[in-house]
Structure formats: structure tokens, C-alpha cells
Amino acid sequence: MSSLQDVNPTVRSIRATTSLQGLAACVTEEIARGAKKPFQQVIDVSSGDPHRAGMAPMSFVRQVLAACIYPELLKDKSLPLDAIQRAQTLLGACSGGSVGSYSVTPPGIPYILKSVAEFIMRRDGGVNSNPEDIIFSSGSQKALSLVLHLMASGQGETRTGVLTPMPCPHTLPTLLDMSGVTLVPYQLTEERGWAVDLDELHRALKTAQGRCSPRAIYISNPGNPTGHVQDRKSIETVISFAATEGLVLLTEEVYQDSVYGKGRDFISYKRVLSEMGKDYSETVELVSLHSISSACMGECGLRGAYIEVINMEPAVMKYLREMHASSSPPVLSQLALEVMVNPPTPGDPSYKTYSQEILHSLTTLSHNAQRACEFLNVLPGMNCQPAMGGVFLYPRLHLPPQMVEEAQMLGVEADVLYCQRLLEEEGVCLGAGCENGQESPNYHIRLCVLAPPDTLEEMLARLSSFHLRLLDRFP
Amino acid sequence: MNHGTALLWKRRALSSLSATRRGLPKEKMSENGVSSRAKVLTIDTMNPTVKKVEYAVRGPIVQRALELERELSQGMKKPFVEVIKANIGDAHAMGQQPITFFRQVLALCSYPELLNDTTFPEDAKSRARRILQSCGGYSMGSYSASQGIESVRQDVARYIERRDDGVPCDPDDIYLTTGASDGIVTVLKLLVCGEGAARTGVMISIPQYPLYSAALAELSAVQINYYLNEETCWSMDISELQRALDEARRHCNPRALCIINPGNPTGQVQSRQCIEDVIRFAAKERLFLMADEVYQDNVYADSCKFHSFKKVLFDMGPEYSNTVELVSFHSTSKCYMGECGFRGGYMEIINMDDEVKAQLTKLVSVRLCPPVPGQALMDLVVNPPQTGEPSYDKFIKERTATLSALAEKATLTEQVLNTVQGISCNPVQGAMYSFPRITIPEKAIKEATDNGQQPDMFYCMKLLEETGICLVPGSGFGQKDGTYHFRMTILPPKDKLTILLNKVKEFHQKFTQQYS
């Protein structure tokens with residue numbers, strides 16, 4: 001029988017994750033089977049999963065999907081006319097007029113690749129976007145893994161390194177491990193709302209000497225989990241750094257639709273790059289990523305993302321486009337993506353509802369972020385940087401030393417222990433900062449604030465109750 | 001000077017120093033003195049294993065087919081009015097209809113407001129409610145657990161138990177996947193280790209479905225070819241397995257044996273005896289069995305029956321059923337569903353070491369979760385309408401119609417191709433393809449080789465240009481040296497298939513004449 005020694009060393013090297021979400025699922029299961037708990041149900045806000053928290057999907061998106069799945073609905077009078085027309089158009093773009101076929105080409109359905117390119121051009125004030133530079137996949141993890149796999153080479157000091165922000169998305173460290181590349185951490189500056197610091201980028205790069213060969217820098221904007229939104233100057237700094245240090249830029253821009261901070265706007269890396277002069281715009285290798293797991297769509301479970309690849313060597317790009325030839329991105333998620341980049345416009349029957357739903361989402365998010373930040377900042381031993389975008393808050397925990405010791409004895413990180421206890425006692429599941437790459441004594445928790453306001457209030461009440469009890473126990 | 005250029009000049013001193021120190025290619029100066037940066041990611045710096053990967057089913061011949069389609073639509077004159085794509089196992093693309101019940105439930109799950117719509121049958125509604133109940137926030141847009149929605153895994157386990165006459169199945173052994181390909185690649189990734197002569201070797205049948213060779217090339221695993229026997233309807237021959245294994249042991253560490261049953265591209269359905277023999281062989285040689293059973297409902301020949309590897313394993317008693325490591329794969333893409341676009345699938349893991357299984361669980365969690373609609377569809381496939389339910393009759397009618405149409409086309413294909421001198425076609429016992437052997441005249445072989453082309457690629461390209469029919473050359477799947485084949489699907493609607501077969505016949509006769 002195969003044993004642990006027979007397992008791929010790369011797989012073995014994937015770091016273990018905390019089992020917080022699994023635990024939350026178990027507790028939910030126990031409650032369903034009638035177990036008595038100090039709470040009615042579990043509130044899980046550890047992932048950027050708005051639907052789980054109770055936010056509704058966009059009606060137009062789901063109407064179009066339903067009609068595409070079951071074309072009998074194209075005759076249904078209860079569906080808005082523009083949803084029906086969109087469904088008809090999209091079905092026409094599918095082989096055999098069915099969402100059950102493979103995409104015509106491996107990177108995705110050509111009509112939708114074109115829609116995405118047009119969206120990008122509109123978004124970036126006319127900067128050209130070529131459908132041939134776009135590749136769809138089943139989620140941003142998959143999309144990133146393709147690019148990382150393409151870049152993974154070397155061993156020891158020639159092993160590909162990726163500069164990674166601390167904190168980073170909680171799903172990124174394991175992805176880097178699986179891809180066989182080395183995580184080279186660069187610290188974001190908490191006191192300045194988690195801004196990027198150029199000196200820190202240089203310092204991080206130096207630490208890689210002799211350990212690995214950095215070939216890429218990853219950054220998310222708006223930041224996951226920090227909520228920091230970069231201004232133009234900051235983006236230029238990162239681009240320039242990547243250019244001069246010979247790094248491919250990997251930018252995750254999933255929350256581009258959710259900037260609520262005052263005086264801040266989302267500008268895409270591609271746009272800034274295009275406005276930095278030919279020396280940059282025609283040379284810097286940039287891969288930018290977007291997905292339907294965005295704040296307003298929240299369609300995490302459908303698994304759909306795209307990458308746009310700029311300035312990659314054509315011969316290498318050819319390999320990237322063919323890399324997942326033997327698989328195919330799911331069709332429904334491509335359809336949802338098309339609606340996301342090409343929503344109803346003024347005059348369309350669904351425009352009013354669509355814009356109301358978007359506004360509702362953004363208002364809820366903005367309001368919740370502010371409310372939660374204020375609330376948490378009042379709690380002793382908790383300190384929260386205000387976020388400007390994205391769906392998370394990422395407060396710092398100042399934990400009593402006794403708790404840190406207890407955690408050490410139990411062999412877990414203190415922020416994990418905090419989250420475990422919180423789950424057991426109050427039925428709230430948050431993320432622990434160590435999942436986002438933070439190391440002790442930097443303890444943080446991560447919470448998704450895109451939820452119905454009632455749910456948020458309930459969650460905050462339970463969290464506060466737990467937190468104050470904890471501090472009471474260790475005065 | 002704009003801000004960007006200022007930054008560039010400012011960093012230039014630092015950059016050339018640090019870049020050189022890090023061994024980067026120096027900046028190139030173009031003619032007007034403006035430096036042009038060398039690319040970071042080049043053919044030389046990229047992952048070398050990616051360069052080794054080919055996937056014939058979507059390869060150059062398909063790209064040419066798409067080009068021809070474009071040219072036709074632009075009004076160019078061709079010797080044909082349409083391109084017939086008989087290269088890929090995509091049933092819906094060829095006009096096969098989806099199962100109404102499945103699409104109704106999925107539509108209801110997508111837009112639950114439709115639960116108030118009286119045009120949907122009650123059983124579809126209750127199924128949708130049940131699925132939505134198992135989704136976070138009652139929405140398919142929520143992430144699921146990475147191993148898959150628990151209630152779906154339970155339903156899959158029950159399906160397997162029913163299929164295998166009560167052989168127990170533990171839902172914990174079920175992993176939902178993004179199509180079967182995802183599962184296959186994941187398990188291969190898990191198993192590949194070692195260096196040099198200790199490198200993992202994986203046995204695959206020749207001819208094979210190129211997903212396997214592509215995955216093995218990417219993982220730098222050693223591909224161990226065992227030949228199926230064309231003379232005996234592509235059966236597996238234990239002595240051939242032994243030969244391949246013994247030879248492979250000299251340069252690698254053979255760890256796994258992959259079987260596709262029913263077969264792709266060959267269409268054979270292995271006999272129960274054969275499966276037993278393979279299990280015995282795997283037990284003796286301590287090989288991990290990977291059974292790709294995605295075509296399990298596609299069995300046409302009266303003399304054939306699908307036997308699941310698991311059932312046979314358990315029938316062989318505890319000496320085998322407690323020890324032989326087996327993974328079996330299934331998906332929503334084939335059989336009577338043909339729902340490739342949903343990316344639904346599962347794998348069942350049997351007798352895997354607990355620690356190894358924990359590594360597998362960890363590995364699948366990295367990509368978060370499989371698409372929820374695909375999981376929902378898998379749930380319906382393993383849990384279809386039952387007798388007495390409102391949708392039962394229609395479901396049975398549709399399923400029977402699809403499967404019998406395929407059976408008819410399987411027979412038709414074999415019959416017509418066997419009337420052609422120089423084409424020899426084994427019975428299409430199952431799956432969705434025919435893999436006939438073709439005789440290519442010496443002159444044509446020479447012309448092909450002079451052009452640096454495989455003779456069967458040369459043949460298929462000519463076929464495409466002259467008739468608009470897109471097939472995949474046998475060289476993409478592997479074949480015995482000196483033999484040539486092509487793979488065609490039996491998926492086009494019967495009338496189109498008939499035209500296709502006759503055109504292939506005509507072409508072959510002309511081609512043989514031309515190069516005699």
C-alpha cells in the first residue's frame with residue numbers, strides 16, 4: 001500500500017491550514033441533529049462569501065442563467081425581456097446552443113472573451129484590450145495556479161520566488177506551495193492603512209538572495225484582506241519596482257467594484273501601466289485577475305475568473321493558452337462573467353432593479369465596514385485599520401500573554417485559538433491572521449463584512465461578548 | 001520628462017547593479033538609445049515541463065477546422081458547405097438534447113423565484129429545494145466544502161451501493177471534482193515522486209486518451225505504455241501488462257495502472273474476467289489502480305456489460321478488497337447526460353492509506369471547491385426520478401432515446417467503415433468513439449514524412465481540407481508502430497453521421513488511388 005513517503009514532496013510541502021471552517025461546518029451539523037449550543041446557528045464570515053452570509057445574488061444574472069439552463073424559459077412571460085434576449089444571445093455563443101457543451105476554444109467562449117476585452121477597454125478609458133490576451137478558468141485559484149505553474153522552475157537558489165504581501169489572501173500561501181514556488185514575504189504597513197512601502201519591497205527582495213530567484217510580485221488591489229486601495233502613485237511605484245527588478249506583476253483585482261472609501265477610486269494596474277510611457281507600457285509583464293466572486297456578484301460557488309496577460313513573450317503566451325486544453329472552464333460561470341462585465345444599461349427593462357441591487361450591496365458594505373470598524377476599535381485589545389474597499393476587515397488583536405502561552409502549549413497560533421474559542425462559545429467563525437501569512441506576535445482576525453446588517457450586528461454582539469469575557473479572564 | 005520616465009532613470013543605477021547581481025539578462029539598448037528590458041518570462045526561464053505537453057484532441061487539426069469555419073462564414077468557396085467536428089466527445093455540440101428534468105432542477109436552483117412557477121413539476125421543485133438547503137445561504141453562489149457538498153457525497157455513495165449490488169460505500173471516500181479530468185490529474189499529482197530510476201511510472205493503455213499523457217508529461221512522471229490488442233477487439237492482455245511493467249522497472253518505479261473502461265478512443269468494454277485479471281495483476285505487482293469509468297452507461301453491444309472495478313474487486317473477497325488501492329472516476333460529461341460544460345464529477349477512493357488520504361484532502365482544498373452547479377448536477381445524475389414520480393416517464397424516455405441513438409450510430413459506424421477496403425473497424429462496444437485502422441499507401445507515408453508530419457495527421461488534414469470533416473489522427477492517442485488510425489466520434493445526428501461516413505469512404509478510396 002502507498003504510504004506517506006510515496007506522496008509527491010510538493011504536495012507534502014503544502015502547509016497545513018487551520019480547520020476553522022471545517023469546525024464551523026461540524027458545529028452546524030451538530031445543531032441540525034439537535035445538539036444544544038449556547039447559540040441558535042453558526043455565523044461564518046471567515047471567507048469572502050456574501051451569499052453564505054445572507055446577501056442575495058443579482059436577479060438579472062440568475063434570470064439569464066436560468067433561461068440559458070432551461071431554454072423553455074425563453075417563452076416565460078415572467079422573465080424580463082432583456083434577460084431573455086441576453087440568454088438568447090449567450091446561448092447562440094455556446095456550441096450546439098447548449099450550456100452543456102465544452103467551450104469552443106480552451107481559453108473560453110470567444111464571444112465572451114470579446115465582451116470581457118470590451119469591458120476592460122471601457123473601464124480603462126480606451127486602452128486597448130485584445131481577446132487573445134484573455135483566459136477564463138474555474139476560479140481565481142485555478143487562474144493563478146496556471147500562471148504560477150508556467151513560471152515555476154529551478155531548484156534551491158534558482159527556484160522561482162514570488163514576492164507576496166503580508167497579509168495576503170488566506171488562500172494564497174497554500175497555492176504557492178502547491179505550485180512549487182517560494183513565498184518571499186513583504187510586509188504591508190499597518191499604521192498607514194496597510195499601504196505598500198518601497199523600501200520594504202527592496203528589503204524583501206534582498207532576503208531572497210541565495211534562497212530563491214524572485215521572478216514575480218503578487219499584489220491585490222483593493223487589498224485582500226486589508227481593504228487598502230492603492231492610489232496612482234503607489235501603483236506606479238510597484239510597477240516601476242517590478243520593471244527594474246525583473247519581476248512579472250501578478251495583480252488580483254477582484255474587489256474593483258467595491259471601493260467605498262472617501263476620496264479613493266479604483267484604477268487598474270493596466271491603466272496606470274499604459275500611462276507610464278512606452279518604456280513601461282510595452283515591456284512590463286503584467287497578469288491581472290478578476291472574478292465573479294466580486295463583492296456585488298458574490299458568485300463564489302460558480303467558480304469563474306479571467307486573467308488578462310500583458311506583454312508576455314508570444315511563444316510563452318502560446319503555451320499558457322494551451323495549458324488547460326484538456327479541461328474547460330465551466331460554461332455557467334462564463335455566462336455570469338459576461339453579465340458582470342456587460343450589465344443592463346439605462347433604458348433596459350432590468351436596469352432599475354440591477355442598479356438598485358448594486359447600490360444596496362455597496363451601501364450595505366460601506367455602512368457595515370464603517371460600523372464594524374468603529375465598534376471593534378472601541379473594544380480594548382482590538383485595533384482596526386479603516387478599510388477603503390474589498391469585503392473584509394482585518395483588526396489586530398492584542399492578546400493577554402497567558403493566552404499566548406496557552407496557545408503555545410496547545411501547539412496552535414494564538415489567533416487560531418481565539419477563533420476556535422469564539423466558535424465554540426458564540427458560534428461565530430472568523431478567519432485567523434496566520435492564515436493570511438501573519439506571524440506571531442502579530443495576531444489578527446479576518447471578517448467578511450458584506451452581510452445583511454442584522455447578521456452583522458448579531459455577529460458583532462457575540463464577538464464583543466466573547467472578547468470582553470476573554471479579557472476578564474486574563475486581567 | 002513624465003513621472004514614469006523619471007522613475008526609470010532614478011532606478012537605473014540601482015537596477016543594473018541589483019539585476020546583474022541577480023544574474024538577470026542585461027538591459028538591451030535599442031537603436032535610439034532607449035533601453036528595452038529583456039522579458040522575465042521566456043522560453044528558457046519558464047517551466048520546462050509545460051513545453052512537453054500536447055493535447056491532440058484540441059491540437060493543430062482542430063485549429064485548422066476553426067479557421068475553415070471562419071473562412072466559410074466569410075463566404076469563401078470550399079469543396080464542402082460545413083465543417084463537421086467529429087473530433088471531440090461533446091454530445092451537445094452535436095445536437096444531443098439535455099435531460100429535461102436535470103435542466104429544470106438546475107434552473108430552479110439558479111433562480112429560486114421560479115419555485116412559484118406552475119410550469120415546473122413538483123418533483124423538480126422538491127429536488128431543487130433539497131439542493132439549495134445544502135448550499136450556504138440557500139445559494140449556489142456560496143463556496144461549498146472542498147471535498148464537495150456533504151449531502152451530494154452521501155447521494156453518490158448510495159448510488160454506488162445500488163449500482164454495485166450493495167457493496168458498501170463510505171461518503172468520506174467520495175471527492176467531488178471539476179469534471180473527471182480534475183480528479184485524474186489530482187491523483188496523479190499526489191502519487192508522483194522520486195528521482196532518476198526511482199521516479200514514479202504510470203502505466204497507460206495505448207491507444208489512450210491524451211489527458212493522461214499530457215498530465216504525466218507535466219508532472220515529469222514516466223509514462224509506461226501497455227498495448228491493447230487490436231486483433232481481439234482492443235482487449236487487455238496480462239502478458240502485455242507484464243512485459244511493459246518488467247521493462248519499465250529497469251528505469252523507473254511503476255506505481256499506478258490506468259484503465260479506461262469503457263475505452264477511449266477504442267470503445268471496448270472489458271469483460272469481467274479481464275477486470276479480475278487486471279485486479280489480480282495490480283495486487284501482485286502492488287500497483288495503484290486508476291479506473292476511468294466515465295462512459296459507464298455507454299454500453300451498446302449486446303454481448304457486453306459494464307462491470308465496475310469496485311464491484312469486481314469486492315467479489316474477489318477480502319484478500320483483494322481489503323488491500324488493492326483503487327480510485328474510480330465518473331463525470332457528468334458523458335453517458336446520456338453529455339453535460340461537459342458543467343464540469344461535474346466525482347472520484348471514489350478505496351483502500352488508500354489514511355495519511356496519504358489526508359494529503360489528498362489537503363491538496364483538493366487548495367483550489368477551494370468544485371463548481372456548485374456541477375455538484376448539483378452530479379446529485380441529480382446519481383439520484384434521478386424514481387417510478388411514480390411526475391418526471392419519471394419523461395426521464396426514462398429521454399434517457400432511452402439518447403442511449404439507443406448512440407447504439408444505432410455505433411453499429412452504423414462500424415458497418416459502413418468496414419465496407420471500405422483499407423479501413424478496418426473494431427465493433428464500437430461502448431463509449432462514444434470509433435478508432436478504425438487505416439491503410440496508408442507508401443507514397444503518402446513518404447510525402448508525409450518528407451513534410452515532417454505523421455502519416456495519419458497528413459491523412460486527416462487532407463480529409464479536412466477536402467471534405468470539411470474534422471477527426472483526430474491516431475498518432476495523438478498512440479498506436480503500434482507502423483499502424484495508422486483515426487478517432488471519430490459517433491455523436492453527430494444519424495443523418496449527418498451517415499453523410500460523414502460516406503464522405504470518409506469516398507475520400508479514402510480517392511486517397512488510396514491518388515497515392516498508389
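Residues numbered from 1 in each chain as written. Chains lettered and ligands numbered in written order. Predicted model: local features only at pLDDT ≥ 70, side-chain atom pairs only at ≥ 80, totals over all residues. Heavy atoms only, no water.

Which entries qualify depends on this criterion: UniProt positions are given in the numbering used here, feature names are shortened, and annotations may be inferred rather than shown by experiment.
Chain B goes by alanine transaminase in an unreviewed UniProt entry, where it is assigned to Cottoperca gobio. The record in UniProt for chain B states the following under Pathway (unreviewed entry): "Amino-acid degradation; L-alanine degradation via transaminase pathway; pyruvate from L-alanine: step 1/1." Under Subunit (unreviewed entry), UniProt gives the following word-for-word description of chain B: "Homodimer."

As annotated in an unreviewed UniProt entry, chain A is alanine transaminase from Cottoperca gobio. Per UniProt, the comment on chain A under Subunit (unreviewed entry) is "Homodimer."

**Overview of the nonpolar core**
Rules: Residues grouped as a nonpolar core are buried Ala, Val, Leu, Ile, Met, Phe, Trp, Tyr and Cys residues, joined through side-chain atoms within 4.5 Å. Note on classification: 1.4 Å probe, protein chains only; a residue is buried when its accessible area is under 20% of the maximum for its type, exposed when over 50%, partly exposed between these limits. Contact definition: two residues touch when any of their heavy atoms are within 4.5 Å.
Core analysis: the biggest nonpolar cluster contains 140 residues, and A:Leu320, A:Tyr418 and A:Leu430 have the highest contact counts within it. Here A:Tyr418 is in contact with A:Met382, A:Leu397, A:Leu399, A:Met403, A:Ile445, A:Leu463, A:Phe466, A:His467 and A:Leu470, once residues within four sequence places are set aside. Among the nonpolar cores identified, the runner-up in size contains 83 residues, and A:Met58, A:Leu113, A:Val331 and B:Ala376 belong to it.

**Some details on the packing of helix 3 (residues 100-110) of chain B against helix 13 (residues 372-381) of chain B**
Residue and element names in this part refer to chain B. Going by this rule: For every element, the axis is a line fit to its C-alpha atoms; helices are fit only across the contacting stretch, and the angle between N-to-C directions ranges from 0 to 180 degrees. Helix and strand definitions here come from DSSP, where helices need a minimum of 4 consecutive H or I residues and strands a minimum of 2 consecutive E residues; each element is numbered from the N-terminal end. Comment on the angle field: the value is read as roughly parallel under 35 degrees, roughly antiparallel over 145, roughly perpendicular from 65 to 115, and oblique elsewhere. What makes a crossing left-handed is the near helix being turned counterclockwise from the far one by less than a right angle; a clockwise turn instead makes it right-handed. Only Asp, Glu, Lys and Arg are considered charged in this grouping, and only Ala, Val, Leu, Ile, Met, Phe, Trp, Tyr, Cys and Pro are considered nonpolar; every other residue, Gly among them, is considered polar.
Closest axis-to-axis distance for the helix 3/helix 13 pair is 10 Å, and the angle between their directions is 140 degrees. On the basis of the axis angle, helix 3 is oblique to helix 13. For the pair helix 3 and helix 13, the sense of crossing is right-handed. Side by side, helix 3 and helix 13 meet where Phe101, Phe102, Val105 and Leu106 of the first sit next to Pro373, Ala376, Leu377, Leu380 and Val381 of the second. Here the residues of the contact of helix 3 with helix 13 sort into 9 nonpolar, no polar and no charged.

**Remarks on unusual backbone geometry**
Here A:Asn221 and A:Pro222 are connected by a cis peptide whose omega angle stands at -10 degrees. By the secondary structure assignment, A:Pro222 is in the loop between strand 5 (213-220) and helix 10 (232-245). The step from A:Ser440 to A:Pro441 runs through a cis peptide bond, and the omega angle for that step is 5 degrees. With respect to the element layout, A:Pro441 can be found in the loop between strand 13 (431-432) and strand 14 (443-448). Of note, the phi angle at B:Arg343 is positive, near 55 degrees, even though the residue is not glycine. Residue position: B:Arg343 is located in the loop between strand 9 (326-331) and strand 10 (344-350). A positive phi angle is found at B:Ala431, which is not glycine, with a value near 65 degrees. Mapped onto the fold, B:Ala431 is located in the loop between strand 11 (423-424) and strand 12 (433-434). According to the relative accessible area criterion, B:Ala431 is buried, its value standing at 0%.

**Here's the deal with empty space enclosed by the protein**
Applicable threshold: Using protein atoms alone on a 1 Å grid, points that fit a 1.4 Å probe yet trap it form a cavity, whereas open point sets bounded by protein on both sides within 12 Å along at least five of seven lines form a pocket; residues with an atom within 4 Å of a point count as lining. Grid points are joined across faces, edges and corners, and a volume is the space filled by probe spheres set on the points.
Following the criterion strictly, the structure yields 8 cavities of 30 Å³ or more and no others. There is about 280 Å³ of room inside the largest cavity. With 4 residues, helix 6 (residues 179-191) of chain B is the largest single contributor of residues to the lining of the largest cavity. Residues of the lining of the largest cavity, tallied by class, amount to 13 nonpolar, 9 polar and 5 charged. Contributing to the lining of the second largest cavity are 13 residues, with A:Leu188, A:Ile219, A:Ser220, A:Gly223 and A:Thr226 lying nearest its centre. Counted by class, the lining of the second largest cavity contains 7 nonpolar, 6 polar and no charged residues.

**Regarding the interface of chain B and chain A**
Just so we agree on the cut-off: Buried area, as used here, totals the accessible surface that two parts lose on assembly, with accessibility defined by a 1.4 Å probe and the loss added over both. The rule for a salt bridge is simple: a side-chain nitrogen of Lys or Arg has to be within 4 Å of a carboxyl oxygen of Asp or Glu. Polar contacts, as counted here, are pairs of nitrogen or oxygen atoms within 3.5 Å of one another; within protein the pair requires one atom able to donate a hydrogen and one able to accept it, and residues that are adjacent in sequence qualify only if both atoms are side-chain atoms.
Residue-level contacts link 93 residues of chain B with 97 residues of chain A. With both chains or domains summed, chain B and chain A bury close to 7900 Å², and 58% of this area falls on carbon and sulfur atoms. Of all residues in chain B, B:Leu41, B:Arg58 and B:Tyr143 give up the largest surface area on contact with chain A, accounting jointly for 10% of the area buried on that side. Linking chain B with chain A are 0 salt bridges, by the criterion used here. Joining chain B to chain A, the criterion identifies 39 residue pairs in polar contact (both at pLDDT 80 or more). Per-element tally for the side of chain B that touches chain A: the top contributor is helix 1 (residues 3-21) of chain B, with 8 residues. Each residue belonging to the side of chain B that touches chain A can be placed in one class, and the counts come to 41 nonpolar, 30 polar and 22 charged.

**A look at the domain arrangement of chain A**
Residue and element names in this part refer to chain A. Our working rule: Each domain's limits were defined by an automated method or a database of domain assignments.
The domain boundaries assigned to chain A delineate domain 1 (4-55 + 355-473) and domain 2 (97-341). For domain 1 and domain 2, the distance between their C-alpha centroids amounts to 26 Å. The interface is formed by 34 residues belonging to domain 1 together with 37 residues belonging to domain 2. Interface area lost by domain 1 to domain 2 is led by Arg15, Gln385 and Met388, which between them contribute 24%. Across the domain 1-domain 2 interface, the total number found is 2 salt bridges. When the shortest N-O distance is used, the salt bridge between Arg396 and Glu190 registers 3.7 Å. Between domain 1 and domain 2 we count 13 residue pairs in polar contact (both at pLDDT 80 or more) in total. Secondary-structure elements contributing two or more residues to the side of domain 1 that touches domain 2 are helix 3 (50-53), helix 15 (351-378), strand 10 (392-393) and strand 14. Take the side of domain 1 that touches domain 2: its biggest share by element is 6 residues, from helix 15. Per-class residue counts for the side of domain 1 that touches domain 2 are 13 nonpolar, 16 polar and 5 charged.

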